[in-house]
Amino acid sequence: MRINLKTAGTLGQFLPPGSARNTGSIDMPSGSTPIDVLEKLGMPTEESYLITRNGSIVPIKDRPSCVLKDNDQLSIMPPLKGG
């Protein structure tokens with residue numbers, strides 16, 4: 001299945017080759033979760049990213065059990081830092 005991706009900031013470096021302007025797509029097996037996508041992209045999974053699926057926030061506790069579907073839009077934003 002194909003998952004459409006959008007990132008922000010420096011997370012664009014993890015997108016597959018051919019991606020542009022922090023958007024891209026990735027093929028994943030059926031039953032994949034947001035954690036599976038992070039792992040396949042090589043993103044550190046211990047970070048507190050803001051992840052949305054089709055515009056709805058995926059809470060950290062739900063990420064291992066949130067099963068993605070073909071053509072889902074997954075947005076991954078870096079944690080906010082600073083003071």
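Residues numbered from 1 in each chain as written. Predicted model: local features only at pLDDT ≥ 70, side-chain atom pairs only at ≥ 80, totals over all residues. Heavy atoms only, no water.

**A closer look at the confidence of the model for the chain**
Where we set the bar: Per residue, pLDDT captures the predictor's confidence, and it can take any value from 0 to 100. Starting at the N terminus, helices and strands are each numbered in turn, a helix being any DSSP run of H or I of at least four residues and a strand any DSSP run of E of at least two.
On average, residues of the chain score 92 in pLDDT, and 96% of them reach the 70 mark or higher. Least confident of the elements in the chain is helix α1 (residues 34-41), whose mean pLDDT is 95; most confident is strand β1 (residues 2-7), at 97.

**Regarding the pairing of strand β5 (residues 73-77)**
Keep this limit in mind: What makes two strands pair is DSSP finding at least two bridges between them.
Taken together, the four bridges between β1 and β5 define a ladder with parallel strand orientation. Note that in β5 the partner of Lys6 across the bridge is Ser75. Where strand β3 (residues 50-53) meets β5, four bridges bridge the pair, whose relative direction is antiparallel. Following the sheet pairing, Thr52 is matched in β5 by Ser75.

**Remarks on the sheet that holds strand β4 (residues 56-57)**
Read from one edge to the other, the open sheet built from five strands follows the order β2-β1-β5-β3-β4, with strand pairing classed as mixed. Edge positions in the open sheet fall to β2 (23-27) and β4, since each of these has one partner strand only.

**Regarding α1**
For clarity, the threshold we go by: Accessible area is worked out with a 1.4 Å probe on protein chains only. A residue is then buried under 20% of its type maximum, exposed over 50%, and partly exposed in between. Arc, as used here, means the arc of the directions from the helix axis to the C-beta atoms. We call two residues in contact whenever any of their non-hydrogen atoms come within 4.5 Å of each other.
Looking at α1, one finds that the buried residues are Pro34, Val37, Leu38 and Leu41. The arc that holds the buried residues of α1, viewed along the axis, is 100°, so those residues lie on one side. Pointing more than 90 degrees away from the buried face of α1 are the exposed residues Glu39 and Lys40. Next to the buried residues of α1 lie β1, β2, β3 and β5. One or two residues past the end of α1 sits Gly42, with phi positive at roughly 80°.

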